[in-house]
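Examination of the molecular architecture
The chain contents come next:
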Amino acid sequence: MSDSEGSAPIPNDVEDGEHKLLVTKGDEYVKTEGTFVLDKGEVISTPQLSLPKKVDFERIKIVLDWGEYPYDLDAHIVDSNFHVYYGNMKKGKLELDIDDVSSFGPETITIKEPSVTDVYKYYVYNYSDGGNVTSNRLSNSEAQIKIYIDNDFKTSFKVTPNLEGITWHVFDIVNGKDIVPHNVINSMLPQDY
């Protein structure tokens, strides 16, 4: 059980290592999974978890959370018709629900009634570093992505640390529901997708 600020104590009998975490909040939110690492009784990897509300329509919800630095990571999604991001927050059935510019997130993108014939490319851009392609701050941001299809948590991705690049091509969605991992950090700019 968490306190009023969302923090939860770790019981004393939990051993060191990586542990799975299941987070629930009543019946109106989707259950979410995460991990944390315990070393010498101290949590050294604290998950940032955002819980989406349940809905009564078909949708894919993609949630980006990250650490304190860089301040501004941007979620992007591109299909054959539209590019949705902070500068173009709603087009067709794609919507950037939240644009966070001051660390931690979440930034959420929703695909309503996903098409089975389109490909949706999802990536994260390090806006804070203004195109500095040799920066490793995106890679060291502790960014993680959680994907929900309809009202079920499907999978998550964590950024690989210590790599140079300003864009993280995380995955594509095909057939309206199939997640194709890419998990690649590169120097592409958003307009190049």
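Residues numbered from 1 in each chain as written. Predicted model: local features only at pLDDT ≥ 70, side-chain atom pairs only at ≥ 80, totals over all residues. Heavy atoms only, no water.

1. Digging into the overall build of the protein
Note the threshold: Each helix is a run of DSSP H or I of at least 4 residues and each strand a run of E of at least 2, with the numbering of both proceeding from the N terminus. Here the globule rule is a power law, 2.2 Å times the number of residues to the power 0.38, and the radius of gyration is based on C-alpha atoms. Whether a residue is buried, partly exposed or exposed follows from its accessible area with a 1.4 Å probe, protein chains only, as a fraction of its type maximum: under 20%, in between, or over 50%, in that order. By definition, residues are in contact when any of their heavy atoms lie within 4.5 Å. Just so you know, the count uses Lys and Arg for positive and Asp and Glu for negative, and it drops His and the chain ends. Lysine's charge is taken at NZ, arginine's at CZ, aspartate's at CG and glutamate's at CD.
Helix and strand counts for the protein stand at zero helices and 14 strands. In sequence order, the protein lays out its α and β elements as β-β-β-β-β-β-β-β-β-β-β-β-β-β. The C-alpha radius of gyration computed for the protein amounts to 17 Å, which stays within 12% of the reference 16 Å derived for 193 residues, consistent with globular compactness. By residue count, 38% of the 193 residues in the protein fall in the buried class. Partitioning the contacts of the protein with sequence separation of at least 6, the portion at a separation of at least 24 is 57%. Distance between charge centroids for the protein: 6 Å, based on 18 positive and 33 negative side chains.

2. Things to note about the nonpolar core
Put simply, the rule reads: In this description, a nonpolar core means a group of buried Ala, Val, Leu, Ile, Met, Phe, Trp, Tyr and Cys residues linked to one another through side-chain atoms lying within 4.5 Å.
If you look at the biggest cluster of nonpolar residues, it comprises 27 residues, and the most contacted ones within it are Ile62, Leu64, Tyr122, Val124, Ile145, Trp168 and Phe171. Every element with two or more residues in this core is listed here: strand E4 (59-65), strand E5 (73-78), strand E8 (94-98), strand E9 (107-112), strand E10 (120-126), strand E11 (144-149) and strand E13 (167-174). A per-element tally of this core places E13 first, with four residues. Those residues in contact with Phe171 that sit more than four places away from it in its chain are Ile62, Tyr120, Lys121, Tyr122, Ile145, Ile147, Phe157, Ile179, Val180, Pro181 and His182.

3. Considering the side chain of Thr108
Within the fold, Thr108 resides in strand E9. Beyond its immediate chain neighbours, meaning those up to four positions away, Thr108 contacts Lys61, Ile62, Val63, Glu95, Leu96, Asp97 and Ile98.

4. Focus on the sheet that holds E9
Put simply, the rule reads: Only strands that DSSP links by at least two bridges are regarded as paired with each other.
Strand order across the open sheet formed by six strands is E7-E8-E9-E4-E11-E12, with antiparallel pairing between neighbours. Each edge of the open sheet is held by one strand with a lone partner, namely strand E7 (90-91) and strand E12 (152-158). By the bridge criterion, six bridges tie E4 to E11 in an arrangement that is antiparallel. From the neighbouring strand, Leu64 faces E11, where its bridge partner is Ile145.

5. With respect to the pairing of E8
Pairing analysis gives two bridges linking E7 to E8, with the strands arranged antiparallel. Each residue of the ladder has a partner; that of Lys91, found in E8, is Leu94. Taking the residues that link successive antiparallel strands as the turn, the E7-E8 hairpin has two residues, and the phi of Gly92 there is positive, at about 55°. In this structure, E8 lies alongside E9, joined through four bridges in antiparallel fashion.

6. Remarks on a negative patch on the surface
Stated precisely, the cut-off is as follows: Nonpolar side chains (Val, Leu, Ile, Met, Phe, Trp, Tyr) within 5 Å and like charges within 9 Å form the patches, drawn only from residues with over 30% relative accessible area and no salt bridge. Note that accessible areas follow from Shrake-Rupley with a 1.4 Å probe, and for residues the cover is restricted to the protein chains shown. By convention in these notes, a salt bridge is any Lys or Arg side-chain nitrogen within 4 Å of a carboxyl oxygen on Asp or Glu.
Among the surface-exposed residues, Asp13, Glu15, Asp16, Asp39 and Glu42 lie close enough to one another that they form a single negatively charged patch. Secondary-structure assignment places Glu42 in strand E3 (residues 42-45). Residue Glu42 is classed as exposed on the basis of its relative accessible area of 54%.

7. Section: the environment of Asp65
Note on placement: Asp65 falls in strand E4. The spacing of Asp65 and Thr32 is 33 residues in sequence and 13 Å in space, taken between C-alpha atoms.

8. Description of the sheet that holds E5
What the five strands build is an open sheet, ordered E6-E5-E10-E13-E14; its pairing is antiparallel. Unpaired on one side and paired on the other, strand E6 (83-84) and strand E14 (178-186) mark the two borders of the sheet. Of the strand pairs in this sheet, E13 and E14 are connected by seven bridges, and their pairing is antiparallel. Its bridge partner being in E14, His169 is matched across the sheet by Val184.

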